[in-house]
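What follows is the residue order along each chain.
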Amino acid sequence: QKEVEQNSGPLSVPEGAIASLNCTYSDRGSQSFFWYRQYSGKSPELIMSIYSNGDKEDGRFTAQLNKASQYVSLLIRDSQPSDSATYLCAVYNFGNEKLTFGTGTRLTIIP
Amino acid sequence: DTEVTQTPKHLVMGMTNKKSLKCEQHMGHRAMYWYKQKAKKPPELMFVYSYEKLSINESVPSRFSPECPNSSLLNLHLHALQPEDSALYLCASSQDGGDGNTIYFGEGSWLTVV
């Protein structure tokens, strides 16, 4: 089992709709959870972080964390073509100071 | 704009060359990292320098060697690389604290080994 799993996509969503990205992780000692956006040829850009169970909203983005199910998700409301990118889920364990990435989900917003 | 600065942005080197990638962070963070990313793959951790201690991913070959001159600089020395080492090299930094150790990336250095 991979440490952090994401559906690789591609995920196609019409402009203006909600994009839903999912991630599961295997290490129950994980304490911090991040979503990074990466455009082709660019470095990862942090868009959301979440540390406790529940929802966290920032503009059009909402991160959801369920530690019991070892599941973290990212919702993007009112999707825009500029949201087309690869989204990387990352999970941090303070014990070994290791940030582990999923393989990423490629999202395409269709105008 | 990222406050993690990497130079050069692009580097082409031969297999017998010695070169270095440089990274500087301007946020007073206590930990710095080097990651390697191949096309369509996630970043892979190479080195962590945290509280003056270096941690190494044991799968990283010795032709890569990190150097930390001070708490805001982390260089990556390259020697006798192979073509398969061509990749995007990402420097990052983080600070323990209320934000839960968020890791911020620089813009990356594209390395091509010929």
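Reading the values: rules and limits
- Residues numbered from 1 in each chain as written.
- Chains lettered and ligands numbered in written order.
- Predicted model: local features only at pLDDT ≥ 70, side-chain atom pairs only at ≥ 80, totals over all residues.
- Heavy atoms only, no water.
- Disulfide = S-S within 2.5 Å.
- Helix = DSSP H or I, 4+ residues; strand = E, 2+ residues; numbered from the N terminus.
- Buried < 20%, exposed > 50% of the residue type's maximum accessible area, 1.4 Å probe, protein only.
- Pairing = 2+ DSSP bridges.
- Contact = heavy atoms within 4.5 Å.
- Buried area = accessible area lost by both parts, 1.4 Å probe.
- Salt bridge = Lys/Arg side-chain N within 4 Å of Asp/Glu carboxyl O.
- Polar contact = N/O pair within 3.5 Å; in protein donor to acceptor, adjacent residues only side chain to side chain.
- Nonpolar A, V, L, I, M, F, W, Y, C, P; charged D, E, K, R; others polar.

Caption draft 1: Region of the structure containing the state of the cysteines. Throughout the structure, instances matching the rule amount to 2 disulfides over all chains. Each disulfide pairs two cysteine sulfurs, and for A:Cys23 the partner residue is A:Cys89, the sulfurs being separated by 2.1 Å. Handedness here is read from the sign of the S-S torsion; for A:Cys23 and A:Cys89, about -75 degrees, the answer is left-handed. Taken together, the residues A:Cys23 in strand β3 (residues 19-25) and A:Cys89 in strand β9 (residues 85-93) connect sequence positions 66 residues apart. Neither residue differs from the other here; A:Cys23 and A:Cys89 are each classed as buried. Residue B:Cys23 pairs covalently with B:Cys91 via a disulfide, S to S 1.9 Å. Disulfide B:Cys23 to B:Cys91: torsion about the S-S bond roughly -80 degrees, handedness left-handed.

Caption draft 2: Here's a closer look at the pairing of strand β7 (residues 64-70) of chain B. Residue and element names in this part refer to chain B. Sheet topology note: the β7/strand β8 (residues 73-79) ladder contains 5 bridges and is antiparallel. The partner of Glu67 across the bridge, within β8, is Asn75. Hairpin connection, β7 to β8: the antiparallel pair is bridged by 2 residues.

Caption draft 3: Layout of the interface of chain A and chain B. Of the residues lining the interface, 19 residues belong to chain A; the matching set on chain B comes to 22 residues. In total, chain A and chain B occlude about 1500 Å² of area from one another, counting both sides; carbon and sulfur atoms represent 58% of this. Three residues, A:Ser43, A:Glu97 and A:Phe101, lead the burial of chain A against chain B; their summed loss comes to 31% of the area buried on that side. Between the two partners, chain A and chain B, sit 0 salt bridges. At the junction of chain A with chain B, the criterion picks out 4 residue pairs in polar contact (both at pLDDT 80 or more). The dominant element in the side of chain A that touches chain B, judged by the number of residues it contributes, is strand β4 (residues 32-38) of chain A, at 4 residues. For the side of chain A that touches chain B, the per-class residue count stands at 10 nonpolar, 7 polar and 2 charged.

Read these as geometric descriptors, not functional statements.
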